[in-house]
Amino acid sequence: MKIAVIGCTHAGTAAISNMVKQYPDAHINVYEKNDNISFLSCGIALHVGGVVKDPNGLFYCTPEELTNLGVNMFMKHEVVDVNIEEKTIVAKNLETEKLVEDTFDKLVITTGSWPVIPNIEGITMENVLLCKNFHHANTIIEKAKTAQNIVVVGAGYIGIELVEAFEMSGKNVTLIDGEERILSKYLDEDFTNVVEDDFLNRDVQLALGQSVTKFVGENNKVTAVETSHGTYQADLVILCIGFKPNTDLFKGQIDMLENGAIKVDDYMVTSHKDVLAAGDSCAIHYNPTGEHAYIPLATNAVRMGTLVAKNLLKPTIRYMGTQGTSGIKIYDQNIATTGLTETMALRMEMNVKSITILEHDRPEFMPSYEDIRLKVVYEETTKRIVGAQVMSKLDVTQSINTLSVCIQNKMTTDELGFVDFFFQPHYNKPWNFLNQAGLQVM
């Protein structure tokens, strides 16, 4: 059996390492246009902020390791043509420009995503940077050394983490986003208000509800960012607007969503039986709505990549879907979220309600305790849980993993109220705060 794999970040690395174990006689050819694999881009802000001293620690696998397993690694090879029906591939060696032709019995698409790059005047200036891969991280760190006024465009996870890292490094930081709130896809307003106040108290300039109209510069270097509301000085601009599936090669050959995300079934098989896909290039089953959604997360990617290997020849292990569970630490706030926010659910015209509780992690007779803010979003008629958010200076983020399982298993708030949690005064109360959220809905 001849297997071709296009792309080798998280989903690709997981698929390849598992295919080697399961199909030792298979001939596996991997095409990757970069010179590295498995880079954890979620660690870029930690590297920028000096928390991670050695960026090589953000890799968990190397091309040499896969080569030693018997995999044929074509690094710095960009696939320029794929014919799925004919089962052929053409790749270009980016160093020699030489074309390589190949065939396959099974094709694995793990091409990932790429940052959204809007068509804005001045965006090609040398100090306007993307934030996705290892080379981006190194460029950001190098240019930030001499920059004092830094603008971050995009208030998602990566943008927010970079703002924190730059502010803590003594930079003047401006955050621009078209939405009226930061982290609006992940958290409701009562949570984002807390983080916004933390930024404002540290003199971070929040330019929210504004769209970038132009990058101004001299000698091909940015000096300012113009928006629909004003002008902001900038020695360095980082674009964190979002990501799109890297799937142009396959358009018209397999089924996709409108944004180019490849549709896969519960076993990672595309609309062509011999083509499987995983990771940021795919749309996945989103349990809160029961529909396909585009949720580019490394956690989804490694699970899907592993399932590609398990299901390569026949349906074996079904994908259970995702809740888009994620977490972030900003200053001293530990934040985690799963499923839909109330804002997003109402925007989708779902009939939902929510319960928000403010609770202490331990009994008040203990010498110390911390505040916890928990919000649970649920369907009004069925009480099925569809989302949750938690925030505390104490790390209680693992509670969101519990609520993720609740959503995955279609549990109700009534059931949440009586889930069996242990009690010990050092750690919690007789009624766990998750129980209390469920009980207050009754």
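For the structure itself, consult the block above.
Student: Explain the pattern of salt bridges to me, please; I cannot follow it from the model alone.
Tutor: Two side chains with opposite charge may pair up if their charged atoms get near one another. One pass over the structure, following the stated rule, counts 19 salt bridges. Between Asp332 and Lys393 there is a salt bridge, with the nearest N and O atoms lying 3.7 Å from each other. Taken together, the positions of Asp332 in the loop between β22 (326-330) and β23 (333-339) and Lys393 in the loop between β26 (385-392) and α9 (398-408) put the pair 61 residues apart, joining distant regions of the chain. Under the relative-accessibility criterion, Asp332 is labelled partly exposed at 33%. Its salt-bridge partner being Lys429, residue Glu364 comes within 2.8 Å of it at the nearest N-O pair. Within this pair, whereas Glu364 is found in the loop between β24 (352-360) and β25 (371-379), its partner Lys429 is found in the loop between α10 (413-416) and α11 (433-441), the two being separated by 65 residues in sequence. Three or more residues are tied together by salt bridges with common partners; here these are Lys87, Lys106, Lys273 and Asp274.

Student: How do you make sense of the nonpolar core when you look at a structure like this?
Tutor: Among the nonpolar cores identified, the biggest contains 61 residues, and Ile16, Met19, Ile28, Leu107, Phe250 and Ile262 are the most heavily contacted of them. Setting aside residues no more than four positions away along its own chain, Ile262 makes contact with Ile109, Thr247, Phe250, Ile254, Asp255, Met256, Thr270, Ala277, Ser281, Cys282 and Ala283. Core analysis: the second largest hydrophobic core is formed by 42 residues, Phe39, Ile44, Leu58 and Val173 among them.

Student: What exactly am I supposed to notice about the side chain of Glu164 here?
Tutor: Relative to the helices and strands, Glu164 is located in helix α5 (residues 157-168). Buried charge Glu164 goes without a salt bridge, the closest partner of opposite sign being Lys329 at 6.0 Å. Filtering out sequence-adjacent residues up to four positions away, Glu164 remains in contact with Phe199, Lys329, Ile330 and Tyr331.

Student: Got a minute to help me understand the sheet that holds strand β10 (residues 149-153) in this structure?
Tutor: In sheet architecture, strand pairing relies on hydrogen bonds along the backbone and comes in two forms, parallel and antiparallel. Here we have five strands laid out as an open sheet, ordered β9-β16-β10-β11-β12, and parallel in their pairing. The open sheet is flanked by β9 (128-130) and β12 (205-208), the only strands paired with a single partner. Averaged over all pairs of adjacent strands, the angle between their axes in this sheet comes to 20 degrees, without regard to strand direction. Strand direction decides the pairing type here: β10 and strand β16 (residues 236-239), joined by four bridges, are parallel. Looking at β16, one finds that Ile150 is bridged to Leu236.

Student: I'm lost on the packing of aromatic side chains in this one. Help?
Tutor: Going through the model one piece at a time under the given rule, you end up with eight aromatic pairs. Centroid distance Phe39 to Phe134: 5.7 Å. Interplanar angle 65 degrees. Geometry classified as edge-to-face. Of the two residues, Phe39 is situated in the loop between β2 (27-32) and α2 (44-48) and Phe134 in helix α4 (residues 134-144); the sequence distance between them amounts to 95 residues. With relative accessibility at 6%, the residue Phe39 sits in the buried group. The interplanar angle of 70 degrees and the centroid separation of 5.8 Å between the aromatic rings of Phe199 and Tyr331 together place this pair among those described as edge-to-face.

Student: Honestly, a nonpolar patch on the surface in this entry has me stumped. Any pointers?
Tutor: A surface patch of nonpolar side chains, about 370 Å² in accessible area, is lined by Phe418, Trp431 and Met442. The topology assignment puts Trp431 in the loop between α10 and α11. Its relative accessible area of 43% is what places Trp431 among the partly exposed residues.

Each value, and the rule that gives it
- Residues numbered from 1 in each chain as written.
- Predicted model: local features only at pLDDT ≥ 70, side-chain atom pairs only at ≥ 80, totals over all residues.
- Heavy atoms only, no water.
- Salt bridge = Lys/Arg side-chain N within 4 Å of Asp/Glu carboxyl O.
- Helix = DSSP H or I, 4+ residues; strand = E, 2+ residues; numbered from the N terminus.
- Buried < 20%, exposed > 50% of the residue type's maximum accessible area, 1.4 Å probe, protein only.
- Core = buried A, V, L, I, M, F, W, Y, C linked by side-chain atoms within 4.5 Å.
- Contact = heavy atoms within 4.5 Å.
- Lys, Arg positive; Asp, Glu negative; His and termini not counted.
- Pairing = 2+ DSSP bridges.
- Axes fitted to C-alpha atoms, helices over the stretch in contact; angles between N-to-C directions.
- Phe/Tyr/Trp six-rings, centres within 6.5 Å; stacked < 30°, edge-to-face > 60°.
- Patch = residues over 30% accessible without salt bridge, like charges linked within 9 Å, V, L, I, M, F, W, Y side chains within 5 Å.
- Areas by Shrake-Rupley, 256 points an atom, 1.4 Å probe, with all protein chains shown as cover.

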